[in-house]
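These are the residues of each chain, in order.
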Amino acid sequence: MKPLSSSRFGLILLIFFTATLSLSACNKDNSPAPTRENDKLAEIMARETLVIAIDPHYPPFSALKEAEPRPANTRCTVAQYTQNQMEGFDAAVATEVARRLGVEPCFVTPQWSQIISGNWSNNWDIHFGSMSITAERMQVLYFSQPYFSTTVHAFVHAENNTYQTPEDLQGKRIGVCAGCTYESYLMGNLQMPGNEMTYRILNPQIIAYANEIPALEDLSKGDGVILDALITQKPTGVSAIYAGMPLRLLPDPLYYAHVCAVVDKKNSRDTARFLNRVSDIIQEMHRDGTLSRLSTQWLGEDLTQEASEFDIKTLDQFP
Amino acid sequence: MKSTAPVSQSLLSKILLFSVLFATILTVVIGFSAFFLVRQVISLDVRDTLTAIAIVKENSLNRWVDEQRRNIVLLASLPDVREQAGALSAPAVSASQAQQAAENLQTYFRTVISTTSDYQEILLVNAEGKVVASSFGENLGKDQSGEEYFHRGLTQTWVTQFYTSSLLGTTTITISTPVFDSGGKRAGVLATHLNLNEIDRLIRERTGLGESGEVYLVDANHKPVTIDPLAAENGVYLSSQGIDAALRGESASGAYPNDRGIAVIGAYRWVEEHNVALLVEIGEKEALRATQTLSQWIMLAGLGVILVSNLLLVLFARRAIAPVISLTEIATQITAGNLQIRAPITSQDEIGKLAVAFNTMTTQLQKSLSRLEDLNNQLEARVEERTLALQKSNSELEAFSYSVSHDLRAPLRAIRNYAHMSLEKLSQELDAESLRWLRHIHHSALSMSEMVDGLLAFSRMGRQSMRPRRVLAEEAQEMVQKVIAEHSAEKNAPAPEIQVGNLHGCYADPILLQQVFTNLLTNAIKFSRKTTPAQVEVGSLETPQGSAYFVRDNGVGFDMQYAEKLFKVFQRLHSQEEFEGTGVGLAIIQRIVQRHRGEIWFHAEPGKGATFYFTIPLQEGDEI
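Residues numbered from 1 in each chain as written. Chains lettered and ligands numbered in written order. Predicted model: local features only at pLDDT ≥ 70, side-chain atom pairs only at ≥ 80, totals over all residues. Heavy atoms only, no water.

**Some details on the overall build of chain A**
In terms of regular secondary structure, chain A is built from 11 helices and 14 strands. Counting the 319 residues in chain A, one finds 53% classified as buried. Look at the contacts in chain A between residues 6 or more apart in sequence, and 77% of them connect residues 24 or more apart. Summed over all atoms, the accessible surface of chain A reaches about 14700 Å², with 52% contributed by carbon and sulfur. (Helix = DSSP H or I, 4+ residues; strand = E, 2+ residues; numbered from the N terminus. Buried < 20%, exposed > 50% of the residue type's maximum accessible area, 1.4 Å probe, protein only. Contact = heavy atoms within 4.5 Å. Areas by Shrake-Rupley, 256 points an atom, 1.4 Å probe, with all protein chains shown as cover.)

This is the structure in structure tokens:
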């Protein structure tokens, strides 16, 4: 056998040390592939249900039909309502989105104040509940492509003849849902992207409610009995009038709102893929006329046109 | 034997030194790289662990707060609470009814607090910001309209960041949410101040972090987030690399000195939700203790390796070097002349080959040496043989010339005498021509007789036994003076000027030495006779051949091209008529000098004189 020359031996030593030292230097990995542990969409697809937060008493957008029997093969948990137990425009849109995702929609009914403050702790995936975009909400929530848009109006008692314009409501008792944009509007601090606000009702006495239903009921009790007016989006008030409530719409709109589905910003999973997918589906539903049809069906008119022309991506929600 | 020991030792020590050096460098390099590698790995590992703990802590804090947030929403939605809240806020309610409702709520709130221990206080603030019901009675009626939790809580469920509560005077998190009466109308804000003891427990609870482990929260103002109001108010300002980075919104880990200057490894996170920095730190010393142990082990192992490897090396080297040592010994013996010895062949490796080559070389050396010796012996024998033959012929020749010259003397004397007598008796009767012939005969016989005498003397000089002894310088001087006295005034010529310089002593036969001086001086006087003034010089001088005597004259001299003839018997450079003589004198001188193993040479020039030099041993046994 040939003896190892000293230079060759040195080379081997050098290689040995280089190899040893470089072992510590190669530990890089790229962004992980989406799994149910790190990606919201993957989790939903794996679970095969889309858990939707929705208001149980908010016709014509959402209304609970508790008497309806649950389907035998549902994947929804007993604490969740199944597709057939929820009706209304929001419920129908949410159901269609779930269908297009290829999963079953399941509904939960947390309080509005909980929904708008974010921090959902993964208790539900998405909220469909006539949520309009505000700067404040954008701090804790992600907004999807809007699925309809509406004007916001003041409603007064049908017997009242003095209130014709919003300005007439100065200093009056006005009912709103607590935490809704209407309350902010009355407080004069509503900020909506791309929407210049004109505050037309000065010094109102704000009476806040958990949602619009008790406000509508209180106003129905008589002109000035509890409330002088209330503020809500057009379909809600109009739907109440259709339902027989003695109310009158002040035709001057206070402002214009795009309504979106929202996703909790604070999430242990990446929600960007999920939100973009939902936005794509909604845009798809705009294009194929599904939303127009549902709007006409539930709201009596097509309110989706402006929403389809809005591009949510201009809001730059994912820095 | 003894001379080889240092060689082997130095060889062995060189190998040893090299291997110790090599092993040491190797050990140190491996040791250090392992140490730093492990230190790095452990450090990274510790940082990972700390980061994991920080994430767990942050998550458990968030989860706990979330839980409280859900609880408060639940509390606010309970029909009982809504009813009492409605009773308190309704405009047309009597004072006693309101009082009763407040007491009901208070009892209710206290029950919740005592069962959960998650809250310090639960309170209801009406739409105007006044505390209308509280688990802590003293706060009743206080104005909260300026508080953030109140404003936010009117419209949504709100969780404050850590702040110093005006109601409690301590740091807390407040959660607020709107309460609606049974009719759905907002009755106020339900709020809870979270119990920081729970957060403290949650955060500070150590999770296997060792003695020096620490988990703490720092608010955006660099103040510690703690239940202890003193620490919060005493103007404590916490700052370290970790705290500062976390407060800038970074979440990472690293090694740095903490706010007390102790070196720590820490993971820090900016908890966005609660606006605090969460720090998980452990003393670097404790964290890297394993590294220290490891480095000690590496050092020990390294020392062991050096020791064992060198022990093995010594054993191996001794074995490997042994043939070299024996070869060296054998070479030394061969140098000393022992050509019989051969190197043992113990292996097939390079050393074995060396031994084989060495033996071959020795054998060839031995062969050529013996051949040389044989040749030498042959040559010596031949020389001896020749010398003997030469000596024999020489002595035969000498004996012959002696006997010839001796035997020729009597007839010559007869011729000379008879010619002389005939000249005296017949000078009247014979004519002039006959007389001239007769005189010629007589003269020739006389001359021949002198030649024979010279030859005899020369011959005798070769046979005469020598009696050399020490001749002192004064003796030599005396000898020369005596010769000068005897021969300076002869042949009716003016005496030359004779200078005698210093003469050195020597070791010679004094009679023969005197003969040399005699012959040289008489020659000098003779050949300078025709020069005026005649000058003769005698002395000693140093020559390349050694201390030499010289005799110089300024006489006729001779041409050096005839120098070869000079020392031959009867050879003369001058005619009998010019300068009388037999031509034997110089031959005799040469023989005497040669018998003393000295040398004789000369220098001459026609008309300018001649100088003769000769050397004689200075001491007994001196080789010239």
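**Section: the interface of chain A and chain B**
Taken together, the contact pairs 28 residues of chain A with 26 residues of chain B. Surface buried jointly by chain A and chain B totals about 2200 Å² across both partners, of which 58% is contributed by carbon and sulfur atoms. Linking chain A with chain B are 3 salt bridges. In this structure, the connection of chain A to chain B is made through 13 residue pairs in polar contact (both at pLDDT 80 or more). Secondary structure elements with two or more residues in the side of chain A that touches chain B: α1 (6–23), α4 (112–116), β11 (205–209) and α7 (212–220) of chain A. When residues of the side of chain A that touches chain B are assigned to their parent elements, the largest contribution, 5 residues, is made by α1 of chain A. (Buried area = accessible area lost by both parts, 1.4 Å probe. Salt bridge = Lys/Arg side-chain N within 4 Å of Asp/Glu carboxyl O. Polar contact = N/O pair within 3.5 Å; in protein donor to acceptor, adjacent residues only side chain to side chain.)

**Some remarks on the sheet that holds strand β5 (residues 86–87) of chain A**
All names here are of chain A. Ordered by their spatial adjacency, 3 strands build an open sheet running β2-β3-β5, and the pairing between neighbours is antiparallel. Either end of the sheet is taken by a strand with one partner, and the two such strands are β2 (57–58) and β5. Summarising the sheet, strand β3 (residues 62–64) and β5 pair through 2 bridges and their orientation is antiparallel. Note that in β5 the partner of A63 across the bridge is E87. (Pairing = 2+ DSSP bridges.)

**As for the domain arrangement of chain B**
Each domain of chain B was delimited in the assignment, giving domain 1 (78–199) and domain 2 (467–615). Inter-centroid distance (C-alpha atoms) of domain 1 of chain B to domain 2 of chain B is 157 Å. (Domains from an automatic or database assignment.)

**Quick look at the domain arrangement of chain A**
All names here are of chain A. Domain boundaries assigned for chain A yield domain 1 (40–148 + 258–312) and domain 2 (151–256). Summarising the inter-unit geometry, the C-alpha centres of domain 1 and domain 2 are found 25 Å apart. With 22 residues of domain 1 at the interface, the matching set in domain 2 holds 19 residues. Here domain 1 meets domain 2 over a buried area of about 1500 Å², counting both sides, of which 56% is carbon and sulfur.

**Quick look at the state of the cysteines**
Residues and elements named next belong to chain A. This structure, assessed with the given rule, holds 2 disulfides over all chains. Through a disulfide, C76 is tied to C106; the S-S separation comes to 1.9 Å. Here C76 and C106 share a disulfide; its torsion about the S-S bond, -85 degrees, makes the bridge left-handed. Placement of C76 in the loop between β3 and β4 (81–82) and of C106 in strand β6 (residues 104–108) is noted, with a sequence separation of 30 residues between them. Residue C76 is classed as buried on the basis of its relative accessible area of 6%. Here C177 pairs with C180 through a disulfide, and the sulfurs are 1.7 Å apart. Looking along the S-S bond of the C177-C180 disulfide, the torsion reads about -120 degrees, which is the left-handed sense. (Disulfide = S-S within 2.5 Å.)

**A look at the environment of P253 of chain A**
Along the chain, P253 of chain A falls in the loop between β13 (247–249) and β14 (255–264). Sequence-distant contacts of P253 of chain A, defined by excluding residues within four places in its chain, comprise T151, V152, H153 and R200 of chain A.

**Focus: the nonpolar core**
Membership of the largest hydrophobic core comes to 78 residues, with the highest contact counts inside it found for L50, V97, I231 and Y255 of chain A. Residue assignment places this core across two domains, with domain 1 (40–148 + 258–312) and domain 2 (151–256) of chain A each supplying three or more. In this structure L50 of chain A touches I44, V97, A98, L101, V103, E104, P105, C106, D125, I126 and F274 of chain A, once residues within four positions along its chain are discounted. Counting 52 residues, the second-largest nonpolar core is a separate cluster that includes L61, Y119, I265 and L288 of chain B. (Core = buried A, V, L, I, M, F, W, Y, C linked by side-chain atoms within 4.5 Å.)

**Concerning the sheet that holds strand β10 (residues 263–271) of chain B**
Residue and element names in this part refer to chain B. Overall, antiparallel pairing links the 4 strands, which are arranged β8-β11-β10-β9 in an open sheet. Sheet topology places β8 (214–219) and β9 (252–257) at the edges, where each strand pairs with a single neighbour. The mean angle between the axes of side-by-side strands here comes to 30 degrees, regardless of whether they run parallel or antiparallel. Bridge count between β8 and strand β11 (residues 276–283): 6 bridges; the pairing is antiparallel. Its bridge partner being in β11, D219 is matched across the sheet by V276. (Axes fitted to C-alpha atoms, helices over the stretch in contact; angles between N-to-C directions.)

**Topic: the packing of aromatic side chains**
In total, this model carries 24 aromatic pairs over all chains according to the counting rule given. Between Y147 of chain A and F148 of chain A, the ring centres sit 5.5 Å apart and the planes meet at 55 degrees, which makes this aromatic pair tilted. Here Y147 of chain A matches F148 of chain A in class, with each residue buried. Site record: aromatic cluster; members linked through ring pairs are Y58, F61, F89, F128, Y147 and F148 of chain A. When the ring centre of W158 of chain B is taken as origin, the NZ or CZ atom of R152 of chain B, which lies over that ring, is 4.3 Å away. (Phe/Tyr/Trp six-rings, centres within 6.5 Å; stacked < 30°, edge-to-face > 60°. Lys NZ or Arg CZ within 6 Å of the ring centre and 35° of its normal.)

**Quick word on the packing of helix α9 (residues 289–335) of chain B against helix α10 (residues 350–425) of chain B**
Residue and element names in this part refer to chain B. Direction vectors running N to C along α9 and α10 enclose 10 degrees, while the axes themselves pass 10 Å from each other. Between α9 and α10, the crossing angle belongs to the class labelled roughly parallel. Within the contact between the two elements, α9 uses A320, P323, V324, L327, I330, A331 and I334 and α10 uses I351, L354, A355, F358 and T362. Per-class residue counts for the contact of α9 with α10 are 11 nonpolar, 1 polar and no charged. (Parallel < 35°, antiparallel > 145°, perpendicular 65-115°, else oblique. Nonpolar A, V, L, I, M, F, W, Y, C, P; charged D, E, K, R; others polar.)

**Notes on the pattern of salt bridges**
Taken as a whole and judged by the stated rule, the model has 30 salt bridges over all chains. Two residues, E475 of chain B and R469 of chain B, come together in a salt bridge whose shortest N-O distance is 2.5 Å. A salt bridge links E605 of chain B to K608 of chain B; the shortest N-O distance between them is 3.9 Å. When salt bridges with common partners are traced through the structure, they connect K40, E43, R47, D125 and R269 of chain A into a single cluster.

**Observations concerning the confidence of the model for chain B**
Residue and element names in this part refer to chain B. Per-residue confidence for chain B gives a mean pLDDT of 84; residues scoring 70 or more make up 95%. The secondary-structure element of chain B with the lowest mean pLDDT is helix α6 (residues 229–233), recorded at 54, while strand β6 (residues 174–180) shows the highest, at 94. pLDDT under 50 marks residues 1–5. Its contacts with residues more than four places away, or in other chains, come to 6 contacts. (pLDDT = per-residue confidence, 0-100.)

**Considering the pairing of β6 of chain A**
Residues and elements named next belong to chain A. Burial analysis of β6 places 5 of its 5 residues in the buried class, which makes it a mostly covered element. Because side chains alternate across β6, one face comprises the buried residues E104, C106 and V108, and the other comprises P105 and F107, equally buried. Summarising the sheet, strand β1 (residues 49–53) and β6 pair through 5 bridges and their orientation is parallel. Residue V51 lies in a different strand from β6, and its bridge partner there is C106. Looking at chain direction, β4 and β6 are connected through 2 bridges and run antiparallel. Residue pairing across strands places Y81 opposite F107, the latter belonging to β6.

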